[in-house]
Amino acid sequence: MASILDRLRTLALAGAMAGMAMAAGGLQAGVDLPKLERGKGDKCVEETQFMRRNHMELLKHHRDETMHKGIRTPKHSLKGCVECHAGAKTGSVAASKEDFCSACHAYASVKLDCWDCHATKPGKRPIHSIPSTAGAAMPPMDSGMAGGHR
Amino acid sequence: MSEQMNHPQSDQDQADRRNFLKASAAAAGLTVAPGVLLYGIAHSRPEDQAVSDKVRWGMLIDTTKCAADCNACVTACNTENALEGRTGPQDSQWIRKVSIKNLQTGAEHHLPMPCQHCEHPPCVDVCPTGASFKRADGIVLVDRHICIGCRYCMMACPYKARSFVHEPLTEQNPEVPRGKGCVESCTFCVQRVDRDETPACVEACTADGHMAMLFGDLNDPESEIAKALKGQRTTEIRADLRLNTGVRYQGI
């Protein structure tokens, strides 16, 4: 099972890489090649070539480190990718087919579920206005301890 | 996706504030505005270091200070975690205001109910995939990369603390990913705790002057919360279940 997946992955990557090599060389292939917007700053968090092949491993590793151990180094964080790679037009990494992550994934036929939960645009932390209770509207409470939640 | 999070404060301000808070966290209490004291947490953990069981996060809620007409903790939770703020049976509520009345005496009490962050969490016991887990520092979480949405944990929780996301979501806080098909609940604002801040509900209750909620390390005898627990009579809700909850109450 794993070895088939590995082989498929190599194929998918080879496809994406071949496409990009051709794009770099100015060759025309039969399909529209992904044109990737350059990220912010001078360079990525690892070697560009390494990132092309291995970003998914870095993300999955960092995900477990953060989730289970509370390790919050910014380097391989998904939030970091979004901050540097959000597109100029949409402000997002995956709002349109031209945006950084989706452009390449569409080309390589990769579909992610990450954006169901993770924001595709950089954002700031929510600000908490000092609340005031005077006259604050109270939403109806669902405070029964029995039954209810589905 | 996150327009609602945009506000005039710059990243630089945020960073400065964070560093300031970090630098002063070792002090017992810290004044952020006249009359507002934030109790600092004396455990600065480097961001590349894993959480450890030397710390156990807990919360003490004084129901005698919790005002009937105040909803500040709930509102702050909704803002921090980008919850919709609706209270129907299928809506996500990570903290609820509960009112109880003694029918004999007429005495009324109000209290916020977040996840109780049990030492022996029933949600973790029943989870078939290992998605429900307890972090070494006692925070009970759902790893939503593993959750299959079966909702056994919701049935197992005696506190009705968990919610299931039924509809696709947008406008999530980048720091608090949430989405359809998974169970979720109070995380003690883990993204804030990991940078030495208190949960949003506690901050709001304190800023609003009620001081009904105290957050800190139960394992540190010098912490405010450990001292309060040592000096006063406090209650675990459903203590009969022997779950050793991280959230304790006073006045009920």
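Residues numbered from 1 in each chain as written. Chains lettered and ligands numbered in written order. Predicted model: local features only at pLDDT ≥ 70, side-chain atom pairs only at ≥ 80, totals over all residues. Heavy atoms only, no water.

K.L.:
Quick question: what am I supposed to make of the overall build of chain A here?
P.N.:
The number of helices and strands found in chain A is 4 helices and 0 strands. Residues counted as buried form 27% of the 150 residues belonging to chain A. Residue pairs in contact within chain A that sit at least 24 positions apart in sequence constitute 53% of those at least 6 positions apart. For chain A, the accessible surface area stands at approximately 9,700 Å², while carbon and sulfur atoms represent 59% of it. (Helix = DSSP H or I, 4+ residues; strand = E, 2+ residues; numbered from the N terminus. Buried < 20%, exposed > 50% of the residue type's maximum accessible area, 1.4 Å probe, protein only. Contact = heavy atoms within 4.5 Å. Areas by Shrake-Rupley, 256 points an atom, 1.4 Å probe, with all protein chains shown as cover.)

K.L.:
Sorry, what's going on with the sheet that holds strand β3 (residues 57–62) of chain B here?
P.N.:
What holds strands together in a sheet is hydrogen bonding between their backbones, with the strands either parallel or antiparallel. All names here are of chain B. With respect to topology, 3 strands assemble into an open sheet ordered β10-β3-β11, the strand pairing being mixed. Strand pairing shows two members of the sheet lacking a second neighbour, β10 (213–217) and β11 (247–250), which therefore form its edges. Pairwise comparison of adjacent strand axes, ignoring direction, gives a mean angle of 20° for this sheet. In the packing of helix α6 (residues 200–207) onto the sheet, the strands contacted are β3 and β10, and the crossing angle to β10 comes to about 135°. (Pairing = 2+ DSSP bridges. Axes fitted to C-alpha atoms, helices over the stretch in contact; angles between N-to-C directions.)

K.L.:
What's the story with a nonpolar patch on the surface in this structure? I'm lost.
P.N.:
Residue and element names in this part refer to chain B. Side chains of V126, Y152 and M155 sit close together on the surface and give an oily, nonpolar patch of about 330 Å² of accessible area. Its place among the elements puts M155 in helix α4 (residues 152–156). Classification of M155 by relative accessible area gives exposed; the value is 63%. (Patch = residues over 30% accessible without salt bridge, like charges linked within 9 Å, V, L, I, M, F, W, Y side chains within 5 Å. Salt bridge = Lys/Arg side-chain N within 4 Å of Asp/Glu carboxyl O.)

K.L.:
Even after reading the chapter, I still don't get unusual backbone geometry, so can you show me in this structure?
P.N.:
Glycine aside, a negative phi is what most residues show, and trans is what most peptide bonds show. Residue and element names in this part refer to chain B. Within the chain, R151 stands out as a residue other than glycine whose phi angle is a positive 75°. Relative to the helices and strands, R151 resides in the loop between β7 (140–142) and α4. Residue R151 is classed as partly exposed on the basis of its relative accessible area, which comes to 30%. Positive phi is not limited to glycine here, since K160 has a value of about 55°.

K.L.:
Please clarify how the pattern of salt bridges should be interpreted in this entry.
P.N.:
Between side chains of opposite charge, a pair can form when the charged atoms approach closely. Using the criterion set out here, one finds 20 salt bridges over all chains in the structure. Residue K79 of chain A is joined to E175 of chain B by a salt bridge in which the shortest nitrogen-to-oxygen separation is 3.4 Å. Within this pair, whereas K79 of chain A is found in helix α3 (residues 78–85), its partner E175 of chain B is found in the loop between β8 (163–164) and β9 (183–184), the two belonging to separate chains. Taking relative accessible area as the criterion, E175 of chain B reaches 18% and is therefore assigned buried. The residue R248 of chain B makes a salt bridge to E236 of chain B at a minimum N-O spacing of 3.8 Å. With R248 of chain B in strand β11 and E236 of chain B in the loop between α7 (224–231) and β11, this residue pair connects regions lying 12 residues apart in the sequence. The exposure class assigned to R248 of chain B is buried, which follows from its relative accessible area of 17%. One network of salt bridges, in which partners are shared, links K79 of chain A together with E80, E175, R192, R195, E197 and E203 of chain B.

K.L.:
Would you mind going over α6 of chain B with me for this structure?
P.N.:
Each turn of an α-helix holds 3.6 residues, which means side chains three or four residues apart point in the same direction. By the criterion of burial, α6 of chain B is predominantly enclosed, with 8 of the 8 residues buried. Along α6 of chain B, the residues classified as buried are A200, C201, V202, E203, A204, C205, T206 and A207 of chain B.

K.L.:
Would you explain the nonpolar core in this entry?
P.N.:
Across soluble globular proteins, nonpolar side chains have a tendency to be buried as a group. Among the nonpolar cores identified, the biggest contains 49 residues, and M59, Y159, F188 and M213 of chain B are the most heavily contacted of them. Within the second largest apolar cluster, 6 residues are counted, among which are A72, A76, A200 and A204 of chain B. (Core = buried A, V, L, I, M, F, W, Y, C linked by side-chain atoms within 4.5 Å.)

K.L.:
Looking at this structure, how should I read the side chain of S92 of chain B?
P.N.:
Residue and element names in this part refer to chain B. Here S92 shows up in the loop between α2 (72–81) and β4 (95–101). Since its relative accessible area comes to 6%, S92 is described here as buried. There is a polar contact of 3.4 Å between the side chain of S92 and the side chain of R178. Of note is the side chain of S92, whose polar atom sits 2.5 Å from the side chain of E184. Residue contacts for S92: discarding those within four places in its chain leaves L83, R86, S163, F164, V165, R178 and E184. (Polar contact = N/O pair within 3.5 Å; in protein donor to acceptor, adjacent residues only side chain to side chain.)

K.L.:
What exactly am I supposed to notice about the confidence of the model for chain A here?
P.N.:
Atom-level detail of predicted coordinates should not be read off regions where pLDDT is low. All names here are of chain A. Chain-level statistics for chain A give a pLDDT mean of 77 and a share of 64% at 70 or above. Here residues 1–8 is a poorly scored stretch, pLDDT under 50, and it has 0 contacts once near neighbours within four places are set aside; other chains count. Ignoring residues within four places in sequence, the model shows residues 131–149, a span with pLDDT below 50, making 42 contacts including any to other chains. (pLDDT = per-residue confidence, 0-100.)

K.L.:
Any chance you could explain the environment of T120 of chain A here in plain terms?
P.N.:
Tracing the sequence through the fold places T120 of chain A in the segment after α4 (100–107). At a separation of 2.9 Å, a polar atom in the side chain of T120 of chain A contacts the side chain of S92 of chain A.

K.L.:
Sorry, what's going on with the pairing of β4 of chain B here?
P.N.:
Moving residue by residue along a regular strand, the side chains alternate between the two faces of the sheet. All names here are of chain B. Here 7 bridges tie β4 to strand β5 (residues 108–114), and the two strands are oriented antiparallel to one another. Following the sheet pairing, K97 is matched in β5 by P112. The loop that links β4 with its antiparallel partner β5 comprises 6 residues; one of these, G106, has a positive phi angle of about 80°.

K.L.:
How do you make sense of the side chain of E197 of chain B when you look at a structure like this?
P.N.:
Residues and elements named next belong to chain B. Among the structural elements, E197 can be located in the loop between α5 (190–193) and α6. Look at E197 and you get buried, because its relative accessible area is 4%. A distance of 3.0 Å separates the side chain of E197 from the side chain of R195, its partner in a polar contact.

K.L.:
Looking at this structure, I do not really get the packing of aromatic side chains. What am I missing?
P.N.:
In this description, a pair of aromatic rings is defined by centroid distance and the angle of the planes. Residue and element names in this part refer to chain B. By the definition in use, this model includes 2 aromatic pairs over all chains. Taking the centre distance of 5.3 Å and the plane angle of 15° together, the rings of W57 and F215 count as stacked. Of the two residues, W57 sits in strand β3 while F215 sits in strand β10, which places them 158 residues apart along the sequence. Its relative accessible area of 5% is what places F215 among the buried residues. Arranged with centres 5.1 Å apart and planes meeting at 85°, the rings of F188 and F215 form a pair that is edge-to-face. Linking F188 in the loop between β9 and α5 with F215 in strand β10, this pair joins segments that are 27 residues apart in sequence. (Phe/Tyr/Trp six-rings, centres within 6.5 Å; stacked < 30°, edge-to-face > 60°.)

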